[in-house]
Amino acid sequence: MLVLDAAVFFGAALLNFGLKVPLGFTTLRFADSIWQAGTGEAVIGAALLAAGLTRGRRLSWVALVMSVLGIAIGLTSERVQGAARDLHALMVPLAVLVLALLLVAGRRNRRQSAADRAASTAEAK
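Residues numbered from 1 in each chain as written. Predicted model: local features only at pLDDT ≥ 70, side-chain atom pairs only at ≥ 80, totals over all residues. Heavy atoms only, no water.

Looking at the overall build of the chain
Logical step 1: For the chain, the count of helices and strands is four helices and two strands.
Logical step 2: Ordering the α and β elements of the chain from the N terminus gives α-β-β-α-α-α.
Logical step 3: Per-residue burial for the chain yields a buried fraction of 28% across its 125 residues.
Logical step 4: Considering only intrachain contacts with a sequence separation of at least 6, the fraction spanning at least 24 residues in the chain is 56%.
Logical step 5: Carbon and sulfur atoms form 66% of the exposed surface of the chain, whose accessible area is close to 8,000 Å². (Helix = DSSP H or I, 4+ residues; strand = E, 2+ residues; numbered from the N terminus. Buried < 20%, exposed > 50% of the residue type's maximum accessible area, 1.4 Å probe, protein only. Contact = heavy atoms within 4.5 Å. Areas by Shrake-Rupley, 256 points an atom, 1.4 Å probe, with all protein chains shown as cover.)

Some words on the environment of Leu 75
Logical step 1: The topology assignment puts Leu 75 in helix H3 (residues 57-76).
Logical step 2: Each C-alpha atom of the pair Leu 75 and His 88 lies 6.4 Å from the other, and the pair is 13 residues apart in sequence.
Logical step 3: For Leu 75, the contacting residues outside a window of four places in its chain are Arg 85, His 88, Ala 89 and Val 92.

Shown next as structure tokens:
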């Protein structure tokens, strides 16, 4: 899921750098390309991708916090309108899903650690 989230942020970055994607009947583009936002989205995308590829728990949490802050900034900015606002609105449920998956994974890790400790204690007796 982190890799998918990274792809969305990379796509947003490209659109903020001025990319125009022809879709036949229309063209997907941001009305107001903001290169500074694109830079931030590229950094967040890189963090999400690294977290997804390495499966690092701390890096995953850092990347999630970065993405939530970026989404919040995007949604509160008056310059983010039209397709850019719609894309930021799409990012919200993705961030919620990533949060849920990180919480489930953390709970699973804690249970496994507790089971491992119990097993090693039982073996020691």
